[in-house]
Amino acid sequence: MRAVRAWSAAQPMKATAHVVGAGLAGLSAALALLEAGWHVILWESARQAGGRCRSYHDPKLGCQIDNGNHLVLSGNRSVAAYLARAGASDALVAAPAAHFPFVDLASAERWTVRINDGPIPWWPLCPARRPAGVGARAFLSALPLLWAGPDQTIAEAVQPGGLAASRFWEPMSLAVMNLPPSLASAQLMAATAREAWRDGRLCRPMFAPRGLGPALIAPALDALQRAGAELRFAAQVKGLVAEGGRVTALHVAGETVPLAPGDTLVLAVPPARLNALWPAAQAPEEASSILNAHFRLPQAVAGPPLLGVTGARTQWIFVKSEVVSLTISAAGFVEGTDAEEEALLTLLWAETVAALGLAEDVRPVAARLVHERRATFLQTPANVRRRARPLTGLANLVLAGDHIDTGLPATIEGAVRSGETAARLLGKPSAEAGAASGSAR
Ligand SMILES: Cc1cc2nc3c(=O)[nH]c(=O)nc-3n(C[C@H](O)[C@H](O)[C@H](O)COP(=O)(O)OP(=O)(O)OC[C@H]3O[C@@H](n4cnc5c(N)ncnc54)[C@H](O)[C@@H]3O)c2cc1C
């Protein structure tokens, strides 16, 4: 994958691909469309790009944070291609091995899941590589996940019991599907298992040392700008005009923007926005939330960059120098997460102290809860069936976004893949279309 080249003013006018939404799906589509030879205009309703994956300065904490912790794996091939297009292949740093340390706060047991490198996943056969107290049989009996039917949940496909449920399937389901195993689609979970978990080389955690925005968003914006794309922030697309089987105009903040005959449109917006703009999509709007607690400490703390937690409300702890961030996925299904902010922060800090083994007198200087109520669509088998396809009934309209039917869960990889797919489906602009588009602008 080569980085997108700078656009030279001497080149002839090209047909325009309009992309609506500057989240990862829209940015991915925009980069791939530029590479395919389109002129790109990116419309974003917010004042910044990144959507559900963004960094910002938090005044209460007095530092930059990510809206939520995000885990990317080394086998996320579309993310790798996206970063290559943005000229930022080194923006994410892989852990040296696919090792995932855990602590169970109910029993104080600690263990590390160690996924072996290589094409044959033999790690479940070694006690030292499995969760404490979980036998090899529990993993072998989970094989039906790989050929689960579209109506099955993870719990129905795997039928996990005992510690295998609480120490493996539940953490994995919450992390990947943002739902407990009793609700999450088994087929989507299996897709991730096939793409990443089967080989330790593919499921090393990837970290963004300076945050998600600097790693995943800023390089794409820079590459787009360098290559001549037009970035329009605070520009909400409010409606489409469709005539003769194609989109002919966009309504943007009181303005009508015409689309020339060869121009195309990618809608890369979340389900509710998509349904408002293109009701035929009927995208599933039910959502699952994610709660993140961010603690700023007086000084950097020692600890693994990523720690799984069971037997507690906290599910994952990310240690980023003097900021410790906790994730509670599917927060709507976790008892007590609707408690008053101060009470919840106190409880989560106590879990952090126990999990990281901090001294009792270590106190955060500031703390913040960020509750993303619509973090992902509710990935039940019924909603997965309702995912919209990227192609629409209109010749020049293609859909992208983590909720579009990519065969993957609603994740960064899924969002980026959807953008790549949208660009591939639109192909290259035709020369005549370019002339028409040029004369229209
Ligand atoms: C707290 C949290 C934690 C997560 N953790 C992980 C994780 O660990 N690993 C992982 O892989 N994924 C994780 N995810 C999921 C991941 O963030 C999303 O799958 C991904 O960011 C979705 O990207 P998107 O482009 O599809 O949508 P979005 O990011 O929602 O982007 C859509 C964009 O469209 C814009 N928009 C909407 N309507 C309009 C309009 N009418 N006109 C113009 N612009 C419009 C929005 O402002 C937004 O910027 C997490 C999500 C959250 C919220």
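Q: Would you mind showing me how to read the overall build of the protein here?
A: When helices and strands are counted, the protein shows 12 helices and 20 strands. Taken over the C-alpha trace, the protein has a radius of gyration of 22 Å; the compact-globule value for 441 residues is 22 Å, and the two agree within 12%. Dimensions of the protein, computed from C-alpha atoms along their principal axes, come out at roughly 70 × 50 × 40 Å. Taken over 441 residues, the protein has a buried fraction of 57%. A separation threshold of at least 6 residues defines the contact pool for the protein, and within that pool the share at least 24 residues apart is 68%. Carbon and sulfur atoms make up 55% of the accessible area of the protein, which amounts to about 18,400 Å² in all. Across the protein, the 40 positively charged side chains and the 35 negatively charged ones have centroids separated by 6 Å.

Q: Would you mind showing me how to read the domain arrangement of the protein here?
A: For interface size, the figure often reported is the accessible area lost on association. By domain assignment, the protein separates into domain 1 (16-90 + 209-285 + 381-440), domain 2 (118-199) and domain 3 (287-377). Look at where the C-alpha atoms of domain 2 and domain 3 centre, and you get two points 25 Å apart. Of the residues lining the interface, nine residues belong to domain 2; the matching set on domain 3 comes to 11 residues. Taken over both partners, the interface formed by domain 2 and domain 3 buries close to 760 Å², and the fraction arising from carbon and sulfur atoms is 66%. Run the count over domain 2 and domain 3 and you get zero salt bridges. If you look at where domain 2 meets domain 3, you find four residue pairs in polar contact (both at pLDDT 80 or more). Considered class by class, the residues forming the side of domain 2 that touches domain 3 number six nonpolar, two polar and one charged.

Q: What exactly am I supposed to notice about the pairing of strand 14 (residues 264-267) here?
A: Remark: a regular strand shows side chains that alternate across the two faces of the sheet. Residue alternation in strand 14 divides its side chains into two sets, Thr264 and Val266 and Leu265 and Leu267, and both sets are buried. Pairing analysis gives four bridges linking strand 1 (residues 16-20) to strand 14, with the strands arranged parallel. Each residue of the ladder has a partner; that of Ala17, found in strand 14, is Thr264. Where strand 14 meets strand 20 (residues 397-399), three bridges bridge the pair, whose relative direction is parallel. From the neighbouring strand, Val266 faces strand 20, where its bridge partner is Val398.

Q: Help me understand the packing of helix 1 (residues 24-35) against helix 7 (residues 212-226), please; the structure alone is not making it clear to me.
A: Axes are the key here: two packed helices are described by the angle between their axes and the distance separating the axes. At a closest axis distance of 10 Å, the pairing of helix 1 and helix 7 adopts a crossing angle of 30°. Handedness of the crossing formed by helix 1 with helix 7: left-handed. Contacts between helix 1 and helix 7 involve Leu24, Leu27, Ala30, Leu31 and Leu34 on the former and, on the latter, Leu216, Ile217, Ala220, Leu221, Ala223 and Leu224. Considered class by class, the residues forming the contact of helix 1 with helix 7 number 11 nonpolar, no polar and no charged.

Q: Would you explain the packing of aromatic side chains in this entry?
A: What describes a pair of aromatic rings is the distance from one ring centre to the other and the angle between the planes of the rings. Overall, the coordinates contain eight aromatic pairs when judged by the stated rule. Seen in terms of ring centroids, Phe102 and Trp111 are 5.6 Å apart; in terms of plane orientation they differ by 5°. Their pairing is stacked. What makes Trp111 buried here is its relative accessible area of 6%. Measuring from ring centre to ring centre gives 5.2 Å for Trp123 and Phe139, while their planes differ by 70°; the resulting arrangement is edge-to-face. With a gap of 16 residues between them, Trp123 in the loop between strand 8 (110-114) and helix 3 (136-140) and Phe139 in helix 3 connect regions that are remote in the sequence.

Q: Would you mind showing me how to read the site of the ligand here?
A: In the region of the ligand, 33 residues are neighbours, and Glu44, Leu71, Arg273, Asp402 and Ile412 sit closest. Here an oxygen atom of the ligand and a backbone polar atom of Leu24 are 3.1 Å apart. For the ligand, an oxygen atom lies 2.7 Å from a polar atom in the backbone of Ile412. About the coverage of the ligand: the protein hides 93% of its 1,000 Å² of free accessible area. Sorting the residues of the shell around the ligand by element identifies helix 1, strand 15 (287-296), strand 19 (366-377) and helix 11 (412-426) as the ones contributing at least two each. The residue makeup of the shell around the ligand, split by class, is 16 nonpolar, 12 polar and five charged. Shared between two domains, the shell around the ligand holds at least three residues of each, these being domain 1 (16-90 + 209-285 + 381-440) and domain 3 (287-377).

Q: Sorry if this is basic, but what is going on with the pairing of strand 11 (residues 237-243) here?
A: Of the pairings in the sheet, the one linking strand 11 to strand 12 (residues 246-252) comprises six bridges and is antiparallel in character. Bridging from a neighbouring strand, Gly239 pairs with His251 of strand 12. Following strand 11, the chain reverses through two residues before pairing antiparallel with strand 12; Gly244 in that reversal takes a positive phi of roughly 60°.

Q: What is the right way to read the packing of helix 5 (residues 162-177) against helix 6 (residues 186-197) from this model?
A: Closest axis-to-axis distance for the helix 5/helix 6 pair is 11 Å, and the angle between their directions is 95°. Compared by their axis directions, helix 5 and helix 6 come out roughly perpendicular. Residue-level inspection shows Phe168, Trp169, Met172, Ser173, Val176 and Met177 of helix 5 in contact with helix 6, the latter providing Leu188, Met189, Thr192 and Trp197. Taken together, the residues of the contact of helix 5 with helix 6 break down into eight nonpolar, two polar and no charged.

Q: I tried to follow the sheet that holds strand 12 on my own but got confused; where do I start?
A: For sheets, the rule is that strands pair by backbone hydrogen bonds, running either parallel or antiparallel. Taken together, three strands build an open sheet; the order of strands is 11-12-13 and the sheet is antiparallel. With one partner strand each, in any of the chains shown, strand 11 and strand 13 (255-258) form the two edges of the open sheet. Each adjacent strand pair in this sheet contributes to an overall mean axis angle of 25°, direction not counted.

The rules we used
- Residues numbered from 1 in each chain as written.
- Predicted model: local features only at pLDDT ≥ 70, side-chain atom pairs only at ≥ 80, totals over all residues.
- Heavy atoms only, no water.
- Helix = DSSP H or I, 4+ residues; strand = E, 2+ residues; numbered from the N terminus.
- Rg over C-alpha atoms; globule rule 2.2 N^0.38 Å.
- Buried < 20%, exposed > 50% of the residue type's maximum accessible area, 1.4 Å probe, protein only.
- Contact = heavy atoms within 4.5 Å.
- Areas by Shrake-Rupley, 256 points an atom, 1.4 Å probe, with all protein chains shown as cover.
- Lys, Arg positive; Asp, Glu negative; His and termini not counted.
- Charge placed at Lys NZ, Arg CZ, Asp CG, Glu CD.
- Domains from an automatic or database assignment.
- Buried area = accessible area lost by both parts, 1.4 Å probe.
- Salt bridge = Lys/Arg side-chain N within 4 Å of Asp/Glu carboxyl O.
- Polar contact = N/O pair within 3.5 Å; in protein donor to acceptor, adjacent residues only side chain to side chain.
- Nonpolar A, V, L, I, M, F, W, Y, C, P; charged D, E, K, R; others polar.
- Pairing = 2+ DSSP bridges.
- Axes fitted to C-alpha atoms, helices over the stretch in contact; angles between N-to-C directions.
- Left-handed = near helix turned anticlockwise from the far one by under 90°.
- Phe/Tyr/Trp six-rings, centres within 6.5 Å; stacked < 30°, edge-to-face > 60°.
- Near = heavy atom within 4 Å.
- Parallel < 35°, antiparallel > 145°, perpendicular 65-115°, else oblique.

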